[in-house]
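# Residue-level structure breakdown
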Amino acid sequence: MNPYVLATARVDDAAPLSDLMRATFLAAYSTCSTPVNVAAHVDRLYRPDAQARELASPDWHTVLAMSGTEPAGFAQLNFVEKPPVALAPCAQLARFYLLPAHQGKGLAPLLMEALRHVARDRGFDALWLTVWKQSPRAIRFYESQGFVRVGECEFRIGDDPQADWVMRALI
């Protein structure tokens, strides 16, 4: 039996989503740059007001994964962000994070399939994403889900430039 429940996030989920975003980002990337840069990144993107705006926007779709009453992870699609390399129109898998206790338990493929359904329903036939080149576990997962490398880009953590792969997958 699947212990996870997936649900579309609503605006009133902004505060708990922000807390989950902070926790998952720090679990994955707390050492990717200086503490000041990591804190600046988290403080800029993972605030309740920023999440409330994204959750209210038709350009974003957020799926929360719950294990009982506790959050386990989340994923977000952005329908208007353009990729940093030339690609046919596709939706961006903007964020995809699980708390460490829920990694390797089958949640990630469930969450990915939910995103694919949402993107298909919005008329897309492909997804694109960026992933830190120094994140082999994430890269392996995306490759297992049919994503292939199609380019590179820079991603900033605070004022620290990081090298990311751009990946794309058909839905």
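So, how was this worked out
- Residues numbered from 1 in each chain as written.
- Predicted model: local features only at pLDDT ≥ 70, side-chain atom pairs only at ≥ 80, totals over all residues.
- Heavy atoms only, no water.
- 1 Å grid on protein atoms, 1.4 Å probe; cavity = no way out; pocket = protein on both sides within 12 Å on 5 of 7 lines; lining within 4 Å.
- Points joined across faces, edges and corners; volume = space filled by probe spheres on them.
- Helix = DSSP H or I, 4+ residues; strand = E, 2+ residues; numbered from the N terminus.
- Core = buried A, V, L, I, M, F, W, Y, C linked by side-chain atoms within 4.5 Å.
- Buried < 20%, exposed > 50% of the residue type's maximum accessible area, 1.4 Å probe, protein only.
- Contact = heavy atoms within 4.5 Å.
- Expected span 1.5 Å × (residues − 1).
- UniProt positions renumbered as here; feature names shortened; annotations may be inferred.
- Salt bridge = Lys/Arg side-chain N within 4 Å of Asp/Glu carboxyl O.

Within an unreviewed UniProt entry, the label attached to the chain reads GNAT family N-acetyltransferase, and the organism entered is Tahibacter amnicola.

There is about 1,100 Å³ of room inside the largest pocket. Surrounding the largest pocket, 46 residues form its lining, Tyr29, Phe96, Tyr97, Thr130 and Tyr142 being those nearest its centre. Those elements that place two or more of their residues in the lining of the largest pocket are helix H1 (14-29), helix H2 (35-45), strand S4 (91-98), helix H4 (107-121), strand S5 (126-132), helix H5 (136-144), strand S6 (148-157) and strand S7 (160-170). For the lining of the largest pocket, the element with the most residues is S4, which contributes seven residues.

Bringing the nonpolar core into the picture now. Counting 29 residues, the largest nonpolar core has Leu77, Leu93, Phe96, Met112, Tyr142 and Phe147 as its most contacted members. Of all the secondary structure elements, the ones that give two or more residues to this core are strand S2 (60-67), strand S3 (70-78), S4, H4, S5, H5 and S7. Looking at which element gives the most residues to this core, the answer is H4, with seven residues. Dropping the residues within four chain positions of it, Phe96 is found in contact with Phe74, Ala75, Ala108, Leu111, Met112, Leu115, Phe141 and Tyr142. Counting residues in each nonpolar core, the second largest holds 19 residues, with Ala14, Val38, Leu99 and Trp132 among its members.

Glancing now at H4. Between its first and last C-alpha, H4 extends 21 Å over 15 residues, near the 21 Å set by a 1.5 Å rise per residue. Residues of H4 that are buried include every one of Leu107, Ala108, Leu111, Met112, Ala114, Leu115, Arg116, Val118 and Ala119, and no others. A positive phi of about 95° marks Gly123, the residue just after H4.

The feature "domain: N-acetyltransferase" (unreviewed entry), as given by UniProt, occupies residues 4-171 in the numbering adopted here. Along residues 4-171, the helical share is 36% and the strand share 35%, with 22 Å between the first and last C-alpha atoms.

By the definition in use, this model includes nine salt bridges. With its nearest N and O atoms 2.8 Å apart, the salt bridge here joins Arg95 to Glu54. One end of the pair, Arg95, is in strand S4; the other, Glu54, is in helix H3 (residues 48-56), with 41 residues separating them in the sequence. The two residues Arg95 and Glu54 agree in class, both being buried. Residues joined by salt bridges that share partners form a network here, namely Arg47, Asp49 and Arg53.

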